[in-house]
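The residues making up each chain are set out below.
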Amino acid sequence: MPKEQYIMDLMPSAYALNLIEVARQRGIDLLEAAGLSLSELEADVYIPLPVYLRVVNSFDRLSPDDAWAFDFGQRLGINAHGALGLAAVSASTVGAGMISLCRYLRTRTCSLDATTMLSGEDLIGEFIHNAELGRQLPHACETVAMIVQNFLTATTGRVSLPLRWRFPYPMPAHAHRYTDFLWGKVEFGATTMQVVLPGALVQLSSLLKDQALSAAAERKCAELLQTLYANPDVEAVRAVLNKAYGSRVRESRPTTRIPTAPEVALSLHISTRTLMRRLHVADSSLKLIKDQLATSYLQEMLSVGQYSASEMGQRLGYDNPGNFTRACRRMLGDSPQALLRAARHRFH
């Protein structure tokens, strides 16, 4: 992967290839439906996120089962996630494994940020999709839920646990299928996707604990993060801005503000001057990081095909159409209207 390729634009090609195999077993030629070739997907470890979304959208359109993402996530056993999976299952306790899973999740997917927090003795895993997934958000969350549940099965040996799931969208038409796949209670309409692990489970010793393997896998994950997200100062700023962009593009009426330099600095507990100096040392800038994020979200909204030019501009924080047009020309080389026409031709 070229160093200048921004990871926000990428997804592991293995995920698309897995979905293509699932489709093949169901008699669906997903490569033809998505207008792709196998060589395109096998050319690198990562593929552009819009290409991955083409595969997902095509499968969703052709699959008769609304709950297909649960089955897909179930097939992605925890060992299918490389060093991330090894770090999670070999940790000393289930809680420590969940923390590793969330901490290093971005080694496998650019479109998802994850964190953990304590609530009394319970541990909450929070997952924030930072890509504009549109109607694919429920399916993306369903896949993640099954990956988490696969991890819990591997580390506990159990087939049922008292979990609490929260999903960031209204109750879908296939809501009754959730309890066919997920353990515990399910809620809809939350701000973010969350899973709550009870305290007794958090402290439970992992069946697969291996101190040496855990340490080696965590080192590998840390190295991957350093490779994929080259500078920790840039990544810290990116995380603050990405949270704001991710919230704004998901809101029915965009109200979340995109932080200014002083606001980013305040979030990181440093001065604005220190922020600018660190970004300069990393050959970056606040404007560059904003452009990278805006470009990625713009490409994803174009691939979803549900937004007008003005709606995309508003979601990216451009109140002035002229400023948005200039930004589009700078970031993607054409006007919003031209980009929309090209996207409709490409995806339809």
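Residues numbered from 1 in each chain as written. Predicted model: local features only at pLDDT ≥ 70, side-chain atom pairs only at ≥ 80, totals over all residues. Heavy atoms only, no water.

S.K.: Can you explain the overall build of the protein chain? Please cite residues and give values.
M.R.: Along the protein chain, the regular secondary structure elements total 18 helices and 7 strands. Considering only C-alpha atoms, the protein chain reaches an extent of 55 × 55 × 40 Å along its principal axes. The 348 residues of the protein chain split such that 53% are buried. Sequence-distant contacts, at least 24 apart, represent 69% of the contacts inside the protein chain between residues at least 6 apart. Summed over all atoms, the accessible surface of the protein chain reaches about 16200 Å², with 52% contributed by carbon and sulfur. Within the protein chain, the 33 negative side-chain charges are centred at a point lying 5 Å from the centre of the 36 positive side-chain charges. (Helix = DSSP H or I, 4+ residues; strand = E, 2+ residues; numbered from the N terminus. Buried < 20%, exposed > 50% of the residue type's maximum accessible area, 1.4 Å probe, protein only. Contact = heavy atoms within 4.5 Å. Areas by Shrake-Rupley, 256 points an atom, 1.4 Å probe, with all protein chains shown as cover. Lys, Arg positive; Asp, Glu negative; His and termini not counted. Charge placed at Lys NZ, Arg CZ, Asp CG, Glu CD.)

S.K.: Break down the environment of Val264 for me, with residues and values.
M.R.: The topology assignment puts Val264 in helix H13 (residues 261-267). Judged by relative accessible area, Val264 falls into the buried class, the value being 0%. For the pair Val264 and Ala175, spaced 89 residues apart in the sequence, the C-alpha separation amounts to 38 Å. Not counting the four nearest positions on each side in its chain, Val264 is found in contact with Val237, Val240, Leu241, Pro259, Leu275 and Leu286.

S.K.: Which residues make up the nonpolar core, and what values do they have?
M.R.: By size, the foremost hydrophobic cluster in this structure holds 69 residues, and its most contacted members are Met98, Phe127, Leu152 and Leu197. When residues of this core are assigned to their parent elements, the largest contribution, 10 residues, is made by helix H8 (residues 137-156). Not counting residues within four places of it along the chain, the set of residues in contact with Phe127 comprises Met98, Cys102, Leu105, Leu112, Asp113, Ala114, Val144, Val148, Thr192, Met193 and Val195. The next biggest cluster of nonpolar side chains, apart from the first, holds 35 residues, and it includes Ala244, Tyr245, Met301 and Cys328. (Core = buried A, V, L, I, M, F, W, Y, C linked by side-chain atoms within 4.5 Å.)

S.K.: Tell me about the environment of Lys243, and name the residues and values.
M.R.: Within the secondary structure, Lys243 sits in helix H12 (residues 232-250). For the pair Lys243 and Glu187, spaced 56 residues apart in sequence, the C-alpha separation works out to 23 Å.

S.K.: Pulling in residues and values, what's your account of empty space enclosed by the protein?
M.R.: Left-over empty space is what a probe sized like a water molecule reveals as it rolls over the atoms. Counted according to the given criterion, the structure contains 2 cavities of 30 Å³ or more. Its volume calculated, the largest cavity comes out at about 390 Å³. Of all the secondary structure elements, the ones that give two or more residues to the lining of the largest cavity are helix H1 (13-25), helix H4 (49-62), helix H5 (68-75), strand S4 (122-129) and H8. The leading source of residues in the lining of the largest cavity is H8, at 6 residues. The residue inventory of the lining of the largest cavity, partitioned by class, reads 20 nonpolar, 7 polar and 1 charged. Space inside the second largest cavity adds up to approximately 50 Å³. Around the second largest cavity, the lining residues are Phe127, Ile128, His129, Leu137, Pro168, Thr191, Thr192, Met193 and Arg250. No other element matches the 3 residues that S4 contributes to the lining of the second largest cavity. For the lining of the second largest cavity, the per-class residue count stands at 5 nonpolar, 3 polar and 1 charged. (1 Å grid on protein atoms, 1.4 Å probe; cavity = no way out; pocket = protein on both sides within 12 Å on 5 of 7 lines; lining within 4 Å. Points joined across faces, edges and corners; volume = space filled by probe spheres on them. Nonpolar A, V, L, I, M, F, W, Y, C, P; charged D, E, K, R; others polar.)

S.K.: Tell me about the packing of H1 against H5, and please be specific about residues and values.
M.R.: How two helices sit against one another is set out by the angle between their axes and by the gap between those axes. For the pair H1 and H5, the least separation of the axes is 11 Å and the interaxial angle reads 115°. Crossing handedness for the pair H1 and H5: right-handed. Contacts between H1 and H5 involve Tyr15, Asn18, Leu19, Val22 and Gln25 on the former and, on the latter, Trp68, Phe72 and Arg75. For the contact of H1 with H5, the residue count by class is 5 nonpolar, 2 polar and 1 charged. (Axes fitted to C-alpha atoms, helices over the stretch in contact; angles between N-to-C directions. Left-handed = near helix turned anticlockwise from the far one by under 90°.)

S.K.: Which residues make up the sheet that holds strand S7 (residues 193-197), and what are the values?
M.R.: Within the open sheet, the 5 strands sit side by side as S3-S4-S7-S5-S6. Their pairing is mixed. This sheet does not close on itself; its edge strands, each paired only once, are strand S3 (112-119) and strand S6 (185-188). Neighbour-to-neighbour, the strand axes of this sheet turn through a mean angle of 15°, independent of strand direction. Of the strand pairs in this sheet, S3 and S4 are connected by 8 bridges, and their pairing is antiparallel. Along S4, the bridge assignment pairs Thr115 with Glu126. This element, helix H7 (residues 94-103), spans S3, S4 and S7 of the sheet and lies at about 15° to S4. In the packing of H8 onto the sheet, the strands contacted are S3, S4, strand S5 (164-167) and S7, and the crossing angle to S4 comes to about 145°. (Pairing = 2+ DSSP bridges.)

S.K.: Could you give an account of the packing of aromatic side chains, with specific residues and numbers?
M.R.: Any aromatic ring pair is given by two values, namely how distant the centres are and how the planes are angled relative to each other. For the structure on display, the rule yields 11 aromatic pairs. Seen from their ring centres, Phe70 and Tyr178 are 4.9 Å apart, and the 85° between their planes marks the pair as edge-to-face. Separated by 108 residues along the polypeptide, Phe70 in helix H5 and Tyr178 in helix H9 (residues 178-181) bring together distant segments of the chain. Like Phe70, the residue Tyr178 is buried in the burial classification. Following the ring pairs from residue to residue traces out a cluster consisting of Phe70, Trp165, Phe167, Tyr169, Tyr178, Phe181 and Phe188. (Phe/Tyr/Trp six-rings, centres within 6.5 Å; stacked < 30°, edge-to-face > 60°.)

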